[in-house]
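Here's the letter readout for the chains.
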Amino acid sequence: SEHDGKAFYFCSENCKKEFDSDPTAYLPPVFPRPAPTFVVETLSGEDKALGDLKGKVVLIDFWATWCKPCLETMPQLKKLYSAYSDKGFEVLGVSIDEDKDRVKKIKKMVDKMGISYPIFLDAKQMPAWHQFKVKAIPAMYLLDGEGQIVAQWVGKIDYKDVEKEVVKSLNKKPEV
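**Brief notes about the side chain of Glu-165**
At step 1: For Glu-165, the location among the structural elements is in helix H5 (residues 159–172).
At step 2: Residue Glu-165 is classed as buried on the basis of its relative accessible area, which comes to 12%.

**Description of the sheet that holds strand S7 (residues 89–95)**
At step 1: The eight strands lie next to each other as S3-S10-S9-S6-S7-S8-S4-S5, forming an open sheet whose pairing is mixed. One side of each edge strand has no neighbouring strand; the edge strands of this open sheet are strand S3 (33–34) and strand S5 (47–49).
At step 2: As judged from the two bridges shared by strand S4 (residues 39–42) and strand S8 (residues 119–121), these two strands associate in the antiparallel manner. Of the residues in S8, the one forming a bridge with Thr-42 is Phe-120.
At step 3: Most of the contacts of helix H3 (residues 102–113) go to S8, to which it runs at about 165°, and overall it touches strand S6 (57–63), S7 and S8.

**So, the nonpolar core**
At step 1: Core analysis: the largest hydrophobic core is formed by 51 residues, its most contacted members being Leu-59, Ile-60, Phe-62, Leu-80, Phe-89, Ile-119 and Phe-132.
At step 2: Looking at this core, the elements that each hand over two or more residues are S6, helix H2 (68–84), S7, H3, S8, strand S9 (139–143), strand S10 (148–154) and H5.
At step 3: Sort the elements by how many residues they give to this core and H2 lands first, with seven residues.
At step 4: Non-local contacts of Phe-62, meaning those with residues more than four positions away in its chain, are made with Cys-70, Val-94, Ile-96, Asp-122, Ala-128, Trp-129, Phe-132, Val-134, Ile-137, Pro-138, Ala-139 and Tyr-141.

**Considerations on the state of the cysteines**
At step 1: Considering all chains together, one arrives at one disulfide under this definition.
At step 2: Here Cys-67 is linked by a disulfide to Cys-70, with a sulfur-sulfur distance of 2.3 Å. As the torsion about the S-S bond is roughly 75°, the Cys-67-Cys-70 disulfide counts as right-handed.
At step 3: Cys-70 sits in the buried class, given a relative accessible area of 1%.
At step 4: Cysteine Cys-11 shares no disulfide, and the gap to the nearest cysteine sulfur, in Cys-15, comes to 3.7 Å.
At step 5: A relative accessible area of 74% means that Cys-11 is categorised as exposed.

**Some points on the pairing of S7**
At step 1: Most of S7 sits out of view: seven of its seven residues are buried.
At step 2: With burial as the criterion, each face of S7 is covered, one bearing Phe-89, Val-91, Gly-93 and Ser-95 and the other bearing Glu-90, Leu-92 and Val-94.
At step 3: Between the parallel pair S6 and S7, the chain is carried across by H2, and the sense of this crossover is right-handed.
At step 4: Bridging between S7 and S8 involves three bridges; their strand directions are parallel. Residue pairing across strands places Ser-95 opposite Leu-121, the latter belonging to S8.
At step 5: After leaving S7, the chain enters H3 and then returns to the sheet as S8, a path that is right-handed.

Each value, and the rule that gives it
- Residues numbered from 1 in each chain as written.
- Predicted model: local features only at pLDDT ≥ 70, side-chain atom pairs only at ≥ 80, totals over all residues.
- Heavy atoms only, no water.
- Helix = DSSP H or I, 4+ residues; strand = E, 2+ residues; numbered from the N terminus.
- Buried < 20%, exposed > 50% of the residue type's maximum accessible area, 1.4 Å probe, protein only.
- Pairing = 2+ DSSP bridges.
- Contact = heavy atoms within 4.5 Å.
- Axes fitted to C-alpha atoms, helices over the stretch in contact; angles between N-to-C directions.
- Core = buried A, V, L, I, M, F, W, Y, C linked by side-chain atoms within 4.5 Å.
- Disulfide = S-S within 2.5 Å.
- Right-handed = clockwise from strand over helix to strand, strands pointing away.

So this is what it looks like as structure tokens:
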């Protein structure tokens, strides 16, 4: 396959078809780039739009109750949120759980872990994780105050790297 003047080779026809359907999902990320607009639901069923957080540095964490590495990351995100939330930093924990008992499972997990940052359901017609082209979790995206993705991580995530990028984005954020 060819994309942006470069040739790409694959181990199977299925891999090639998947790449051809959405090549940018397989390329190294470009920073900064605009974050897709999306709406998620609170655990009580209210909508929350990304646009509601304009001007804040936002870390979006896509996770699931069945994802052990996701759960291992949450206490670190809780510390990060506690340390920087008063400086214009927000964490959005977006659960991609899809089963019918998901709200009950998510609430139980959040209570058990004492999570203090906001947790949401990704249950809309066009889920946020689809718009962000998430292929594996945990997946995190850091947005600056302008709504641009300035960093992202997937898989085993180094908390110190995340904190470094958060601090860097907060230091660039204009005072309101």
